[in-house]
Amino acid sequence: MESLEARSRDVQERTFCKWLNTKLELNGYPPMSSLVKDLSDGVRLIQLMEIMGDVSLGRYNKAPRMRIQKAENVNKALEFITSRGVKLTNIGPEDIIDGNLKLILGMIWTLILRFTIADISEEGLSAKEGLLLWCQRKTEPYKEVNVQDFSLSWSDGLALCALIHCHRPDLLDYDKLDKSDRHANTRLAFQVAADHLNIPQLLEVEDLCDSNHPDERSVMTYIASFFHAFSSMDQAETVSRRVDKFAELMQSVWLSRNDYERRVKLLLRALSEIRAKWSASMFSGTYTDAKSHSADFTTYKQTTKRTWVTEKQDIATLFGNVQTKLKTYGLREYVPPQGLALPDLDEAWKALLASEAQRSRSINAQIRQIKESLRKQFADVANDFERRLHLISSELAAVDGPLEEQQQEVQRIQTRIPVLSETLADVAEAEAECAAANVEENDYTVFTCQDLEFELELVVQSIAKKIAFIDNQIVSRNMTNLTPAQLEQFESTFRYFDRDESNTLNQSEMTAALASLGIVYSDEDMNYIYDQVVQDYGAVSFEAFINLLVDITEDQTSPEQLREAFRGIASDKLFVTELDLRIAHLPASSVDYLKEVMPSVRNDAGEPEYDYERWLDDVFA
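In this text, all values refer to a predicted model and were calculated from it rather than measured experimentally. (Residues numbered from 1 in each chain as written. Predicted model: local features only at pLDDT ≥ 70, side-chain atom pairs only at ≥ 80, totals over all residues. Heavy atoms only, no water.)

1. Focus on the UniProt feature "coiled-coil region" (unreviewed entry) in the protein chain
Selection criterion: UniProt positions are given in the numbering used here, feature names are shortened, and annotations may be inferred rather than shown by experiment. Working definition: helices are DSSP H or I runs of at least four residues, strands are E runs of at least two. Numbering for both runs from the N terminus.
Here, the residues flagged by UniProt with the feature "coiled-coil region" (unreviewed entry) are residues 403-440. The span residues 403-440 shows a helical share of 84% and a strand share of 0%, and its end C-alpha atoms are spaced 47 Å apart.

Written out as structure tokens, the structure reads:
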């Protein structure tokens, strides 16, 4: 990197020195041999500024010996440079006096830009970009030339030869050049430029052909000489280009005007059509239809409307561009046809906004109306369902009289449940419509479909329980061979083990119920008894259970037998403990039941002791 930088600095020092010498020699001053040495006293710098500025800088030290005299000279030159609008960065008199080559080269490059390159202009581009475009346009017809920069693009000499041939084809025959001999082509271009175009050779052939990266600033400085040399020859081309540019401008304006009018017409038509569509739009009265209108309106705002907003802005920009172009060239401003001016478009846009607001209000009002209607619709069916359900519940609670009449009345009430259950589907449908419409609150009812479904289930269960209770009471009433205490015990036992409240016992429930009454069979016997009961009654209903107990108590179990059984479990104690019951392998449910129904007292250890004698006395009293 340092080697490349040093090489570029050497090339720049030589090129810039030659460029300054052309200024000095044209004005009768001897050339410089070293920028560091010859500029250090400020004399040559002042001479150069007077030449470039075409003005006298006044008195200065023409033969300075002391450093302060040199500083005065250099400072005078730098102040002149600054007064001409040239911005110098990080350089002062001491840098030039002390020979800071890097800063000196930067200053000279700034002068080259200001006095040689800054005034170059090509199709609106200036300075470096303008010079590059000029080179590209001039060398475009030459297929071997591709100017992309001010470095490698010039390393084969063909671009230089193309520039010369483009303007002075009489000076060299481009087609006969050996395109592969870069040194010869470069040397020829330097020679022709110096001999016939009065362009000093600021570069050496090696600076272009033997460098991996020819110095950009040096190349620009040399190429700028070609631009200025050919500027007079370009006058005719400039005149032609001016006419062409004006024709191009007028055609561009014409195309833009036509495009503006076409786009305004299309946008105005689209605005009118959408407003007419909204005015003719009708609602069907359903929430789905209203939401469809709402969704379409939202899609319009997010797509079509945004496209129109962009188009409206682009149309205004297009109109402004047309007027700006006309005004720039002092031409008469463009007046759109009647009805196609920007104020006409603005009025149509205001009308669109008003239609949008009306459309939005209409859709929102329709949705609110439908939601209110759905609330009332649901409240009507829900409140009616609850009223009918409450009526059934009240009638069920009021059932009274002989058991058979109660049984008939409850069964009659039960027949109304299926019809009521079907009505619940109407409630569910109304609630689903509310949910679909996002209706969350309802001031017309406090019920939900889930609430009513729960209450219906409770009523159904109450009816089933009522029927079971009446049936059991009829069975109990007809059991004349059992004492009331036995009936109460057997009924409470049945209800306790009827876990699912089906008014029937499965085999495990029946086994546990019998065991709680002190009736224990082997698994084989229990299987036989259960199957026999199911065969006789269809299931172990309360009636079947009572009849089974009647058979068992009459055939097998007497109060004395039960006392003996409990004494055996209690090991002849007057009480039985939970441990005794579990050691006797009673089912857990039977143990829990006996613990619940037998009276107990706690011993010194705090454990309950169950008085089976007292319990049996109560049961068989």
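2. A few points about the pattern of salt bridges
Let me state the cut-off plainly: We count a salt bridge whenever a side-chain nitrogen from Lys or Arg sits within 4 Å of a carboxyl oxygen from Asp or Glu. Note on exposure labels: buried denotes an accessible area under 20% of the residue type's maximum, exposed denotes more than 50%, and partly exposed covers the range between, all computed with a 1.4 Å probe on protein chains only.
Counted by the stated rule, this structure contains 28 salt bridges. Here Arg412 ties to Glu409 by a salt bridge, and the two come within 2.3 Å at their closest N and O atoms. With Arg412 and Glu409 both in helix 16 (residues 403-414), this residue pair falls three residues apart, about one helical turn. Here Glu613 makes a salt bridge to Arg563, at a shortest N to O gap of 2.9 Å. Placement of Glu613 in helix 26 (residues 612-620) and of Arg563 in helix 23 (residues 559-570) is noted, with a sequence separation of 50 residues between them. Across the pair, Arg563 and Glu613 agree in class, each one buried.

3. Thoughts on helix 21 (residues 523-537)
Quick reminder of the rule: Between the first and last residue of a helix there are one fewer steps than residues, each counted as 1.5 Å, and that sum is the expected span. Within this analysis, the arc is defined by the directions that extend from the helix axis to the C-beta atoms.
A rise of 1.5 Å per residue sets the reference length of helix 21, with its 15 residues, at 21 Å; its end C-alpha atoms lie 21 Å apart and thus fit the reference within 8%. Those residues of helix 21 that fall on the buried side of the exposure criterion are Met526, Ile529, Tyr530 and Val533. All buried residues of helix 21 fall inside an arc of 95° around its axis, so they share one side. Facing away from the buried side of helix 21, by more than 90 degrees, are the exposed residues Glu524, Tyr528 and Gln535. Positioned one or two residues after helix 21, Gly538 has a phi angle of 90°, which is positive.

4. Let's talk about the UniProt feature "domain: EF-hand" (unreviewed entry) in the protein chain
Within the UniProt annotation, "domain: EF-hand" (unreviewed entry) is assigned to residues 485-520. Annotation note: span residues 485-520, helix share 64%, strand share 6%, distance between end C-alpha atoms 21 Å.

5. Notes on the domain arrangement of the protein chain
Quick note on the threshold: Each domain's limits were defined by an automated method or a database of domain assignments.
Split by domain assignment, the protein chain resolves into domain 1 (1-117), domain 2 (127-243), domain 3 (260-368), domain 4 (376-469), domain 5 (479-554) and domain 6 (559-620). On a C-alpha basis, the centroid separation for the pair domain 1 and domain 5 is 127 Å.

6. Section: helix 11 (residues 216-230)
Taking 1.5 Å as the rise per residue, helix 11 with 15 residues should run 21 Å; its terminal C-alpha atoms sit 21 Å apart, in good agreement. Of the positions making up helix 11, those classed as buried are Ser218, Val219, Met220, Thr221, Tyr222, Ile223, Ala224, Ser225, Phe226, Phe227 and Phe230.

7. Focus: the side chain of Asp215
Put simply, the test is: Counting rule applied: Lys, Arg positive; Asp, Glu negative; His and chain ends not counted.
One can find Asp215 in the loop between helix 10 (205-209) and helix 11. Here Asp215 is buried and forms no salt bridge, its nearest opposite-charge partner Arg217 lying at an N-O distance of 6.4 Å.

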